[in-house]
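Reading the structure
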Amino acid sequence: MSARSLLALGLSLLLVGCGASSPDPTPPPESPQTGVDTGTGTDDSQTAATPPFAVEEVTTFDEPWAMTFLPSGEALVTERGGALTLVEVTSGEKRRVEGTPTVLHEGQGGLGDIVLGPTYTTDGTVYLSWVEAAGEGRAGALVGRARLRTEGTPRLEDLRPIWRQEPTTGRGHYSHRLAVSPDDDHLFVSSGDRQKMDPAQDTANDLGSILRLDLDGSPADGNPFGDRGGQAAEIWSYGHRNVLGLAFDADGRLWASEMGPKGGDELNLVERGGNYGWPRASNGSHYDGRDIPDHTAGDSFVAPKVWWTPSVSPGSLLLYTGTAFPEWTGDAFLGALSGQALIRVDLDGTSAAKADQWDMGERIREVEQGLDGTLWLLTDGPRGRLLHLTPR
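Residues numbered from 1 in each chain as written. Predicted model: local features only at pLDDT ≥ 70, side-chain atom pairs only at ≥ 80, totals over all residues. Heavy atoms only, no water.

Focus on the pairing of strand β25 (residues 364–369)
Most of β25 is tucked away, with six of its six residues classed as buried. Sheet topology note: the β25/strand β26 (residues 375–379) ladder contains five bridges and is antiparallel. Among the inter-strand pairings, Val367 is bridged to a residue of β26, identified as Leu377. (Buried < 20%, exposed > 50% of the residue type's maximum accessible area, 1.4 Å probe, protein only. Helix = DSSP H or I, 4+ residues; strand = E, 2+ residues; numbered from the N terminus. Pairing = 2+ DSSP bridges.)

Here you go:
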């Protein structure tokens, strides 16, 4: 066993030993497992020796987490430490955005996702997520709405929280990915299980769920548990562990990428009111070796469309709509953290099959599509790189 593997194992055992109060013994945040996909569950992924794209480094960031493109062609990039940066991607020139929130930068916490509001072109509305301390060792994610001004020194104005996750102890599994519905009427938010497991099966709280909100953060009409009131009224689906990717396809279907425990990473087609099984069903196992029942027909849980064991740790999800890579239009792209890969999944309506897994040699935190249809990646860590992928 390598020195790196021994160190990871030691840290994992230490965290398990210190986490007796948690029912889910876990490794260090977003465990750096090194397993390679075995193709279980669907068609095998193919790792090409020469990827069909060229890779160019544009600039670097300190722990980048998410990015989104503006109509101008500039990109907004979040860093977990709390910085929001406006990037001119052709030159790599960066401008720090003022007016960002104070974040809790511990564990997996910090500044998270950012998406443009449906009215961005007229009023500059953006939505962003971050983690805040909630007193007595507790923390939770929240979502805020603001107006972005890019003239002169870029800044956020009138930043206001519109949703808060139920706070709890621990510093992991916040999820807090965002997606605006194709009809521009709703904001979808992923809320992780916070490494507490069982709350993901309880619709009386918002943990382990995907939420469907109005654009002001209130529960949307038509949610499956709306008549129960409280946090249940926010829930669209539940039984999730740690959803770090949300994206809609061209037909308006919502897909989600989800980190499993030790194995069992998932790509899910999200159904209204669906129960995705965590922690009662998973194609992985607990980190301490305890078994979890696999997804099986008739178990009342929604099974993943594609799954990976050993883990690849999907940190993001993109559904490709461009034409720069025409053979991939409509497919899903996932950034793999422990897998250090860019993964393509072939989508055909509601069906999915593993396609390509390109070794990038680095943890891939984010995958985005540029205005011209080329692909952009953010690598993870204190010197995370912004990479531009263009056809060969």
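Let's talk about the pattern of salt bridges
Under the counting rule described, the total for this entry stands at 21 salt bridges. In this structure, Arg385 engages Glu57 in a salt bridge whose closest nitrogen and oxygen atoms are separated by 2.8 Å. Residue Arg385 is located in strand β27 (residues 384–391), and its partner Glu57 is located in strand β1 (residues 53–61); the two are separated by 328 residues in the primary sequence. Accessibility expressed as a relative area gives 22% for Arg385, which makes it partly exposed. Glu57 gets classed as partly exposed once you look at its relative accessible area, which sits at 34%. Two residues, Glu63 and Arg80, come together in a salt bridge whose shortest N-O distance is 2.6 Å. In this pair, Glu63 sits in the loop between β1 and β2 (64–69) while Arg80 sits in the loop between β3 (75–79) and β4 (84–88), placing the two residues 17 residues apart along the sequence. (Salt bridge = Lys/Arg side-chain N within 4 Å of Asp/Glu carboxyl O.)

Here we look at the sheet that holds strand β22 (residues 332–336)
Spatial ordering of the open sheet is given by β21-β22-β23-β24, a layout of four strands whose pairing is antiparallel. Edge positions in the sheet fall to β21 (314–319) and β24 (351–359), since each of these pairs with one other strand and no more. Averaged over all pairs of adjacent strands, the angle between strand axes in this sheet comes to 20°, irrespective of strand direction. The pairing of strand β23 (residues 341–348) with β24 spans eight bridges and is antiparallel. Bridged to Leu347 within β24 is Ala352. (Axes fitted to C-alpha atoms, helices over the stretch in contact; angles between N-to-C directions.)

Overview of the sheet that holds β27
Taken together, the four strands give an open sheet; going across it, the order is β1-β27-β26-β25, and neighbouring strands pair in antiparallel fashion. Of all strands in the sheet, those with a lone pairing partner are β1 and β25, marking the two edges. Each strand axis lies, on average, 20° off the axis of its neighbour in the sheet, ignoring direction. For β26 and β27, the ladder comprises four bridges, and the chain directions are antiparallel.

Some thoughts on the environment of Arg171
Note that Arg171 resides in the loop between β10 (168–169) and β11 (175–180). Note: C-alpha distance between Arg171 and Glu106 (65 residues apart in sequence) is 6.5 Å. A distance of 3.3 Å separates a polar atom in the side chain of Arg171 from the backbone oxygen of Gly137. (Polar contact = N/O pair within 3.5 Å; in protein donor to acceptor, adjacent residues only side chain to side chain.)

Considering the pairing of β23
Of all eight residues in β23, six are buried, a share of seventy percent or more. Here five bridges tie β22 to β23, and the two strands are oriented antiparallel to one another. Bridge pairing in β23 links Gly335 to Leu342. Linking β22 to β23, which pair antiparallel, is a turn of four residues; within it Gln340 sits at a positive phi near 50°. What sits between β23 and β24 in their antiparallel hairpin is a turn of two residues, with Gly349 showing a positive phi close to 65°.

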